[in-house]
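Single-letter residue listing:
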Amino acid sequence: MIYLIRHGLTQWNSGGIFRGRHDIPLSDMGRRQVHMLGKYLAEESKGESNKKNFETIYTSPLSRAHETAAIIAEYTGSKVVPENRLTDVNFGNWQGKNVSQVKEQYPDLYKTYKEHPEEASFPEGETLQECFLRCSQGFFELVRPSKGSFMLVSHRVVLKLVLIGVLQLPLSAFWRIQLDTCSISTIGKSNDMLIIKKINITSVSWCRSCSRIAIIYKVTVISIIFTCISCIYLIYN
């Protein structure tokens, strides 16, 4: 199983600012998101009949993704391996600007990006096609020799393009996929074919799982305490 994970929240995510190659760190909220995700993935990696051993986390070298991978590795014991081809798209002159500024300064190009993303070419940056070729090549090279489960931590644009590649969709489908911060998407294999299992599983889902685990743990502890008290009572009475 392959887990595609979008990095945790940053202040630029919250502000609707184009990030691209700018090295923006996780916000405090983003780190809390990732710690919760790490706990969930640690439970995913044990106690199942089809046990998932996440030996490796491949990550974009940008700090918001690399820190996400490093925090998750604290819980899963995975090895973190930077992969340059998973770096975010180069938005060029859009980087550091919010959506309103981009709309005002590049109205025609922004319209193209939203309506015909396959034709988008960011000023002093990449085209979406160039980003697609880069990240999909990297992804499929990682998949071919892999026999077990691994994680891949990257950015919204990159992960959407990877999913488009797996589904063999045209780039015009770019806006038909939504990936939130700290979300999980999973890809399985069947007869050498890649199959998308889940897309954009967010904290609403995996926090519920963590809550169930916490409840089970608390009930178990309470049961043990009750048993001990009962034993003490029987011994002294």
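Here, every reference points to the structure presented above.
Please read these numbers as outputs of a predicted model, since none were measured by experiment.

Caption draft 1: Quick look at the packing of helix 6 (residues 128-143) against helix 7 (residues 156-167). Running from N to C, helix 6 and helix 7 point in directions that differ by 70 degrees, and their axes come no closer than 9 Å. Comparing the axis directions of helix 6 and helix 7 gives the class roughly perpendicular. Counted together, Leu128, Cys131, Phe132, Cys135, Phe139 and Phe140 of helix 6 and Val157, Val158, Leu161, Val162, Ile164, Gly165 and Val166 of helix 7 form the full contact between these two elements. Broken down by class, the residue content of the contact of helix 6 with helix 7 amounts to 12 nonpolar, 1 polar and no charged.

Caption draft 2: Focus on the side chain of Thr10. Position of Thr10 relative to the elements: it lies in the loop between strand 1 (2-6) and helix 1 (11-14). Polar contacts involving the side chain of Thr10 include one to the main-chain amide nitrogen of Trp12, which spans 3.3 Å.

Caption draft 3: Highlighting the packing of aromatic side chains. Evaluated as defined, the whole model comprises 17 aromatic pairs. Ring plane angle 45 degrees and centroid distance 6.2 Å describe the contact between Trp94 and Tyr106, whose orientation is recorded as tilted. You can see Trp94 sitting in the loop between strand 3 (79-82) and helix 4 (99-105) and its partner Tyr106 sitting in the loop between helix 4 and helix 5 (107-115), a full 12 residues away along the chain. The class of Trp94 is buried, set by a relative accessible area of 0%. Here Tyr106 falls in the partly exposed class, since its relative accessible area comes to 22%. Members of the aromatic cluster, joined through ring pairs, are Phe18, Phe91, Trp94, Tyr106, Tyr110, Tyr113, Phe122, Phe174 and Trp175. Geometry around Trp175 places Lys114 over its ring, the cationic atom sitting 3.7 Å from the centre. Geometry around Phe174 places Lys160 over its ring, the cationic atom sitting 4.0 Å from the centre.

Caption draft 4: Representation of the pattern of salt bridges. For the structure on display, the rule yields 7 salt bridges. Two residues, Arg64 and Asp88, come together in a salt bridge whose shortest N-O distance is 3.1 Å. Taken together, the residues span a long stretch of sequence, with Arg64 in helix 3 (residues 63-76) and Asp88 in the loop between strand 3 and helix 4 at a distance of 24 residues. The same class applies to Arg64 as to Asp88, namely buried. For Arg85, the salt bridge identified is with Glu141, shortest N-O distance 2.9 Å. Residue Arg85 is located in the loop between strand 3 and helix 4, and its partner Glu141 is located in helix 6; the two are separated by 56 residues in the primary sequence.

Caption draft 5: The pairing of strand 3, seen in detail. As paired strands, strand 2 (residues 56-59) and strand 3 are joined by 4 bridges and run parallel to one another. Bridge pairing in strand 3 links Ile57 to Val80. For the handedness criterion, the β-α-β arrangement of strand 2, helix 3 and strand 3 is classed as right-handed.

Cut-offs and rules
- Residues numbered from 1 in each chain as written.
- Predicted model: local features only at pLDDT ≥ 70, side-chain atom pairs only at ≥ 80, totals over all residues.
- Heavy atoms only, no water.
- Axes fitted to C-alpha atoms, helices over the stretch in contact; angles between N-to-C directions.
- Helix = DSSP H or I, 4+ residues; strand = E, 2+ residues; numbered from the N terminus.
- Parallel < 35°, antiparallel > 145°, perpendicular 65-115°, else oblique.
- Contact = heavy atoms within 4.5 Å.
- Nonpolar A, V, L, I, M, F, W, Y, C, P; charged D, E, K, R; others polar.
- Polar contact = N/O pair within 3.5 Å; in protein donor to acceptor, adjacent residues only side chain to side chain.
- Phe/Tyr/Trp six-rings, centres within 6.5 Å; stacked < 30°, edge-to-face > 60°.
- Buried < 20%, exposed > 50% of the residue type's maximum accessible area, 1.4 Å probe, protein only.
- Lys NZ or Arg CZ within 6 Å of the ring centre and 35° of its normal.
- Salt bridge = Lys/Arg side-chain N within 4 Å of Asp/Glu carboxyl O.
- Pairing = 2+ DSSP bridges.
- Right-handed = clockwise from strand over helix to strand, strands pointing away.

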